Amino acid sequence: MALAAGTIVVANPDAFGGAGGVIAVDPGSGRQTMLSRGDLFVDPSNVALLADGRLVVSDTAAFGGGGGLIAVDPTTGQQAKIAASAVFKFPLGMAVDAGGPIVVAYPERVQGLGAVLRVNVANGDHTAVAPGVRFISPVGVALDVNGNILVTDPDIQGFESRVHRIDQGVGRILAVGMPLGAIYHGVAIERTGNILVVNNPNGPERELVRFHPTTGAMTKVASGNKLVNHFGVAVEENGGILVIDRVNGVVRIDPRNGLQTVISSGGDLVGPIGGGPTGLAVRK
């Protein structure tokens, strides 16, 4: 199927009996449609949409277990390998650069810490973004209107979670985890330039927070209620905020008051306890 503007696309590694797949969700009715399943997929964890209409899916266990990137034709469901690496492992967050390449967060590499790479979707060639930045385990990536790259780096080794902003290849830490124990995952940019970050800590307070793009000042957008075990975040054309939650599916959040509404749940947006969908994107 050709994806209409506003269509939500979700990656769920546990869909279709564990085969994994990507699902289109109608933003109005919540109707779910399978786009692609199984085949090269092992653990499809996130999805991005290219300008030519194709999907790019990051799979953390494909191609022998190290993971890689898979292109998907949403009309036919056909899958094709873009890239796999023996050095950079478990690709997660992705953002599409206006010039065509995609920026991908790799939480691990065979030796050393994680990295953020710019990947050519035509041939899989990749180069490191800001190789001098000390990423711990980057998982979320977004690009602002100026091409600056925002990267979330969660607290999985006893450090504070961080939001890195990479300006023209020079990285700096925009904000650190607040409150203590924050674990940042998905990241997205609002039209205002404000940065939305999913905070999914081990404690009870799951929330969506907003950072000022220059000062790093943080405010809370929404917490609790339908945000039980959420990972990905995206922004609709009208400014609405979408979050994918492993328990409640696709949740829309009003950016003005934090009001939460479940758009679509159940069906192919489920998984076993501790599993379920982790990534989403919106066709603009």
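For the structure, check the block above.
Residues numbered from 1 in each chain as written. Predicted model: local features only at pLDDT ≥ 70, side-chain atom pairs only at ≥ 80, totals over all residues. Heavy atoms only, no water.

> Please provide a residue-by-residue account of the overall build of the protein, values included.
Within the protein, the secondary structure is distributed over 1 helix and 26 strands. Radius of gyration (C-alpha) of the protein: 17 Å, near the 19 Å computed for a compact globule of 284 residues. When the backbone C-alpha atoms are referred to their principal axes, the protein occupies close to 45 × 40 × 35 Å. Taken across its 284 residues, the protein has 56% of its residues classed as buried. Long-range pairs, those at least 24 residues apart, make up 42% of the contacts in the protein between residues at least 6 apart in sequence. Looking at the protein as shown, the accessible area adds up to about 11700 Å², and 52% of this sits on carbon and sulfur atoms. (Helix = DSSP H or I, 4+ residues; strand = E, 2+ residues; numbered from the N terminus. Rg over C-alpha atoms; globule rule 2.2 N^0.38 Å. Buried < 20%, exposed > 50% of the residue type's maximum accessible area, 1.4 Å probe, protein only. Contact = heavy atoms within 4.5 Å. Areas by Shrake-Rupley, 256 points an atom, 1.4 Å probe, with all protein chains shown as cover.)

> Help me get a handle on the packing of aromatic side chains, residues and values and all.
Enumeration according to the criterion identifies 1 aromatic pair in this entry. Look at Tyr184 and Phe211: their rings are 5.8 Å apart centre to centre, the planes differ by 75 degrees, and that puts the pair in the edge-to-face class. Of this pair, Tyr184 sits in strand E18 (residues 184-189) while Phe211 sits in strand E20 (residues 207-211), and the two are 27 residues apart along the sequence. Pair check on accessibility: Tyr184 and Phe211 agree, each one buried. For Lys81, the ring lying beneath its charged end belongs to Phe63, and the centroid distance is 5.2 Å. (Phe/Tyr/Trp six-rings, centres within 6.5 Å; stacked < 30°, edge-to-face > 60°. Lys NZ or Arg CZ within 6 Å of the ring centre and 35° of its normal.)

> Which residues make up the pairing of strand E6 (residues 68-72), and what values do they have?
Residues in a regular strand project their side chains so that they alternate between the two faces of the sheet. Most of E6 is tucked away: 5 of the 5 residues are buried. Taking every second residue as pointing to the same face, both faces of E6 are buried, with Gly68, Ile70 and Val72 on one and Leu69 and Ala71 on the other. By the bridge criterion, 5 bridges tie strand E5 (residues 55-59) to E6 in an arrangement that is antiparallel. By the bridge assignment for E6, Asp59 is matched with Gly68. As paired elements, E6 and strand E7 (residues 79-84) share 5 bridges and run antiparallel to each other. Residue pairing across strands places Leu69 opposite Ala83, the latter belonging to E7. Here E6 hands over to E7 after 6 residues, with Gly77 in that stretch at a positive phi of 80 degrees. (Pairing = 2+ DSSP bridges.)

> Let's hear about the pattern of salt bridges: which residues, and what values?
Oppositely charged side chains can form a pair if their charged atoms are brought close together. By the definition in use, this model includes 8 salt bridges. Two residues, Glu237 and Arg191, come together in a salt bridge whose shortest N-O distance is 2.8 Å. In this pair, Glu237 sits in the loop between strand E22 (230-235) and strand E23 (241-245) while Arg191 sits in the loop between E18 and strand E19 (195-199), placing the two residues 46 residues apart along the sequence. Its relative accessible area of 47% is what places Glu237 among the partly exposed residues. (Salt bridge = Lys/Arg side-chain N within 4 Å of Asp/Glu carboxyl O.)

> Run through the sheet that holds strand E25 (residues 260-264), naming residues and quoting values.
The 4 strands lie next to each other as E22-E23-E24-E25, forming an open sheet whose pairing is antiparallel. Two strands in the sheet have a free side with no partner beyond their single neighbour: E22 and E25. On average, each strand axis in the sheet is tilted by 30 degrees relative to the strand beside it, whichever way the strands run. (Axes fitted to C-alpha atoms, helices over the stretch in contact; angles between N-to-C directions.)

> If you had to explain the environment of Asn12 to someone new, which residues and values would you point to?
Within the secondary structure, Asn12 sits in strand E1 (residues 8-12). Residue Asn12 is classed as buried on the basis of its relative accessible area of 0%. The spacing of Asn12 and Gly275 is 263 residues in sequence and 8.8 Å in space, taken between C-alpha atoms.

> Give a description of the nonpolar core that names residues and reports values.
Counting residues in each nonpolar core, the largest one holds 16 residues, and the members touching the most others are Val56, Leu69, Ile82, Met94, Ile102, Val104 and Val119. Once you skip the residues sitting within four places of it in the chain, Met94 turns out to touch Asn46, Val47, Ala48, Val56, Val57, Ser58, Leu69, Ile102, Val103, Val104 and Val141. Listed in part, the 15 residues of the second largest apolar core include Leu35, Leu49, Val57 and Ile70. (Core = buried A, V, L, I, M, F, W, Y, C linked by side-chain atoms within 4.5 Å.)

> Tell me about the sheet that holds strand E3 (residues 32-37), and name the residues and values.
Strands sit in the order E3-E2-E1-E26 across an open sheet of 4 strands; the sheet is antiparallel. Lying at the two open borders of the sheet, with one neighbouring strand each, are E3 and strand E26 (279-282). Taken pair by pair, the neighbouring strands of this sheet meet at an average axis angle of 25 degrees, ignoring direction.

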